[in-house]
Amino acid sequence: MKPSPFEYLRPDTLEAALRALSDHKDRDAKVLAGGQSLVPMMNFRVAAPEVLIDLNGIGELSGISEEDGVLRIGAMTRAAAVKSNAQVALRMPLIPMAYEHVAHATVRNRGTLGGNLCHCDPASEMPMVMLVCEAEMEIAGPGGTRTEAAEDFFLGTYTTSLEPDEILTAIRIPFARPGARFAFEEVSLRRGDFAMVAVGVRLEAEGGICKSLAIGLCGIATVALRAEAAEAEAAGHELARLNPAQLAETAVAGIPFEDTATQTAAFRRDTTRALVQRALETCLTSEAT
Amino acid sequence: MTHTISLSVNGERYTREVEARMLLSDFIRGEVGLTGTHVGCEHGVCGACTILIDGVAARSCLMFAVQADGAKIETVEGLASRGGALSTLQVAFRDNHGLQCGFCTPGFLMAAHEFLNGPDVSTDREVVREAISGNLCRCTGYETIIDAIIEVAGMELENRK
Ligand SMILES: Cc1cc2nc3c(=O)[nH]c(=O)nc-3n(C[C@H](O)[C@H](O)[C@H](O)COP(=O)(O)OP(=O)(O)OC[C@H]3O[C@@H](n4cnc5c(N)ncnc54)[C@H](O)[C@@H]3O)c2cc1C
Ligand code: FES
Ligand code: FES
């Protein structure tokens, strides 16, 4: 199918884009990033914005920099650029690990990190990764700018805390602590497809003691989540005494898995438990970064 | 509402009046008349519509023509020489039986073209498999496509020495 007609605007500053969003707020205006999720929806007419505001001409929205222990990635930075960036790999190794599982090279060439996060697909890897790294979203709106913690940003299926007249401008990710270890595991139908289940883990230890454990899960609920009970169970204990199988059991205990069209609840539960266990084992046996 | 756009396709300039909603794939096929760029799914899944835009591979069904104003587009028709001689990659596809019905071939050729000219070119089967993982083929079973790309990757690495 073909998209419905729309008015196309291509502002070249963030300010002009925000103004266009406010000016057209009664007309279902949407911003266009890489188009790798929005354009398929428009082709199917699942989405039919009357005004499309293309962010691709706004240079200030892309780029990777760092300041005061924080990595800052502009919302319009292409997935391919983030995936292959050495600074990102050094400051938050979980990001390139996860990007191995996000779509395919041609899609990553155009898809953006910001668009991926704003789209907020329940099976999407990057929102979960942002929960695990405790990232912050930089958001601009008509009244100025605000920042929001990842856990308050991702609300549900295709739903974030962004207001219709706001734009995500950048993602701020605290540097991995010295000694942190990371692991990422995913099961999908084919490599590059959306996750059936994916698990991201960040483990911080000092003197053989687990200081902090973050376990992120996606694909199993309407939005990515953290396995808080398992995280709490591990904190403060000796690494040598952590039991990945037990922690994985705790991680899935509170989750109300449901059948889907292709997978039973029991399969999804087992897969999630196995991936959490595997990711924890990888962290415990790997060298600290 | 229409827009006047001007872009280059395989080195030739085209200036046209288009509706904002016209997909780049439809522009290439309908306005420029180059039907080598195939349209399989129109939602980004099959990769048949892959082209290069300013040297970077992209799905032309997921871009609007108006977004390509000023850009340099390369399509499968640009691979062969003006006289019609096939490129090394096209010859390798033919020699290795890398196509059967040919519907997917333009997309594979363009995705492989980017991979072979890029920094990650390799003769490793798994790396090649990953590089073309965004393209679907219903006929070949992929192995012969991978064979063809590995053959050219070997030559490319030899040339770079
Ligand atoms: C074949 C295929 C496979 C894929 N596989 C995966 C996968 O395995 N995992 C995965 O996570 N994704 C996958 N994707 C989706 C891909 O990652 C998209 O790039 C991503 O979901 C959307 O990013 P985008 O930049 O293309 O955004 P767009 O499609 O342009 O926009 C998506 C949505 O976000 C809004 N938006 C975009 N940027 C902003 C901003 N800065 N501020 C406010 N709102 C904004 C748009 O209005 C729109 O509603 C796949 C896509 C395809 C075609
Ligand atoms: S037609 Fe573009 S990806 Fe299938
Ligand atoms: S050769 Fe027929 S789809 Fe690939």
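Residues numbered from 1 in each chain as written. Chains lettered and ligands numbered in written order. Predicted model: local features only at pLDDT ≥ 70, side-chain atom pairs only at ≥ 80, totals over all residues. Heavy atoms only, no water.

> Just give me the short version of the overall build of chain A, but keep the residues and values in it.
A tally of helices and strands in chain A yields 12 helices and 14 strands. Taken over C-alpha atoms, the radius of gyration comes to 19 Å for chain A, in line with the 19 Å a tight globule of 289 residues would show. C-alpha extents for chain A along the principal axes are approximately 60 × 45 × 30 Å. A sequence separation of at least 24 residues applies to 62% of the contacts in chain A between residues at least 6 apart. When the accessible surface of chain A is totalled, it reaches about 12,300 Å², and 49% of it is carbon and sulfur. Positive and negative side-chain charges of chain A, numbering 27 and 39 respectively, have mean locations separated by a distance of 5 Å. (Helix = DSSP H or I, 4+ residues; strand = E, 2+ residues; numbered from the N terminus. Rg over C-alpha atoms; globule rule 2.2 N^0.38 Å. Contact = heavy atoms within 4.5 Å. Areas by Shrake-Rupley, 256 points an atom, 1.4 Å probe, with all protein chains shown as cover. Lys, Arg positive; Asp, Glu negative; His and termini not counted. Charge placed at Lys NZ, Arg CZ, Asp CG, Glu CD.)

> Got a sec to walk through the packing of aromatic side chains? Specific residues and values, please.
Tallied over the full model, the rule gives 3 aromatic pairs over all chains. When the centroid spacing of 6.2 Å and the interplanar angle of 55° are considered together, the rings of Phe108(B) and Tyr142(B) count as tilted. With Phe108(B) in helix H3 (residues 105-117) and Tyr142(B) in the loop between helix H4 (125-131) and helix H5 (143-160), this pair connects stretches of sequence that are 34 residues apart. The class of Phe108(B) is buried, set by a relative accessible area of 0%. One cation-aromatic arrangement involves Arg91(A) over Phe175(A); the distance from NZ or CZ to the ring centre is 3.9 Å. (Phe/Tyr/Trp six-rings, centres within 6.5 Å; stacked < 30°, edge-to-face > 60°. Buried < 20%, exposed > 50% of the residue type's maximum accessible area, 1.4 Å probe, protein only. Lys NZ or Arg CZ within 6 Å of the ring centre and 35° of its normal.)

> Could you give an account of the nonpolar core, naming the residues involved and the relevant values?
Counting residues in each nonpolar core, the largest one holds 42 residues, and the members touching the most others are Val129(A), Met130(A), Met137(A), Phe154(A) and Ile173(A). For Met137(A), the contacting residues outside a window of four places in its chain are Leu117(A), Met130(A), Arg146(A), Thr147(A), Glu148(A), Ala150(A), Phe153(A), Phe154(A), Leu168(A), Ala170(A) and Ile171(A). (Core = buried A, V, L, I, M, F, W, Y, C linked by side-chain atoms within 4.5 Å.)

> Help me get a handle on the site of ligand 1, residues and values and all.
Around ligand 1 lies a shell of 30 residues, among which Val31(A), Ser37(A), Leu38(A), Thr112(A) and Ser124(A) are the nearest. Neighbouring residues of ligand 1 are not confined to one chain but are distributed across chains A and B. Val31(A) places a polar main-chain atom, nitrogen or oxygen, 2.6 Å from an oxygen atom of ligand 1. Within the backbone of Ala33(A), a nitrogen or oxygen atom sits 2.8 Å from an oxygen atom of ligand 1. Relative to its unbound accessible area of 980 Å², ligand 1 is 93% covered by the protein chains. (Near = heavy atom within 4 Å. Polar contact = N/O pair within 3.5 Å; in protein donor to acceptor, adjacent residues only side chain to side chain.)

> Give a detailed account of the environment of Pro106(B), specifying residues and quantitative values.
Residue and element names in this part refer to chain B. With respect to the helices and strands, the residue proline 106 is situated in helix H3. When the C-alpha atoms of proline 106 and histidine 38 are compared, they prove to be 7.0 Å apart, with 68 residues separating the residues in sequence. Setting aside its immediate chain neighbours within four residues, proline 106 contacts Gly36, His38, Ala48, Thr50 and Val76.

> Lay out the pairing of strand S7 (residues 144-149) of chain A with the relevant residues and their values.
Residue and element names in this part refer to chain A. For strand S6 (residues 136-141) and S7, the ladder comprises 6 bridges, and the chain directions are antiparallel. Counted as the bridge partner of methionine 137 is glutamate 148 from S7. In textbook terms, the turn of a hairpin is the stretch between consecutive antiparallel strands, and for S6 and S7 this stretch comprises 2 residues. (Pairing = 2+ DSSP bridges.)

> Mind laying out the sheet that holds strand S4 (residues 64-67) of chain A, listing which residues take part and the relevant values?
Two strands in a sheet stick together by hydrogen bonds in their backbones, pointing the same way (parallel) or opposite ways (antiparallel). Residues and elements named next belong to chain A. The strand order across the open sheet formed by 5 strands is S4-S5-S10-S6-S7, and the pairing between neighbours is antiparallel. Where the open sheet ends on each side, the last strands, each with one partner, are S4 and S7. Across this sheet, the average inter-strand angle for adjacent strands is 25°, counted without regard to direction. With 5 bridges joining them, strand S5 (residues 70-74) and strand S10 (residues 167-174) adopt antiparallel strand pairing. Bridge pairing in S10 places glycine 74 opposite alanine 170. Where helix H1 (residues 14-23) meets the sheet, it contacts S6 and S10, and its direction lies at approximately 125° from that of S10. (Axes fitted to C-alpha atoms, helices over the stretch in contact; angles between N-to-C directions.)

> Account for empty space enclosed by the protein, with residues named and values stated.
All names here are of chain A. The full count for this structure, using the stated rule, is 1 cavity of 30 Å³ or more. Of the voids in this model, the largest cavity is the one considered here, and its volume is about 30 Å³. Surrounding the largest cavity, Leu203, Leu213, Leu242, Leu247, Leu280 and Leu284 form its lining. Split by residue class, the lining of the largest cavity holds 6 nonpolar, no polar and no charged. (1 Å grid on protein atoms, 1.4 Å probe; cavity = no way out; pocket = protein on both sides within 12 Å on 5 of 7 lines; lining within 4 Å. Points joined across faces, edges and corners; volume = space filled by probe spheres on them. Nonpolar A, V, L, I, M, F, W, Y, C, P; charged D, E, K, R; others polar.)

> Give a detailed account of the packing of helix H2 (residues 88-95) of chain B against H5(B), specifying residues and quantitative values.
Residues and elements named next belong to chain B. The contact between H2 and H5 brings their axes to 8 Å, and the two run at 140°. Between H2 and H5, the angle is such that the two are oblique. Once H2 is placed against H5, the crossing between them reads as right-handed. When H2 is examined against H5, the residues Thr88, Leu89, Ala92 and Phe93 are found in contact with a partner set consisting of Ile145, Ala148, Ile149, Glu151, Val152 and Met155. Of the residues belonging to the contact of H2 with H5, the class tally is 8 nonpolar, 1 polar and 1 charged. (Parallel < 35°, antiparallel > 145°, perpendicular 65-115°, else oblique. Left-handed = near helix turned anticlockwise from the far one by under 90°.)

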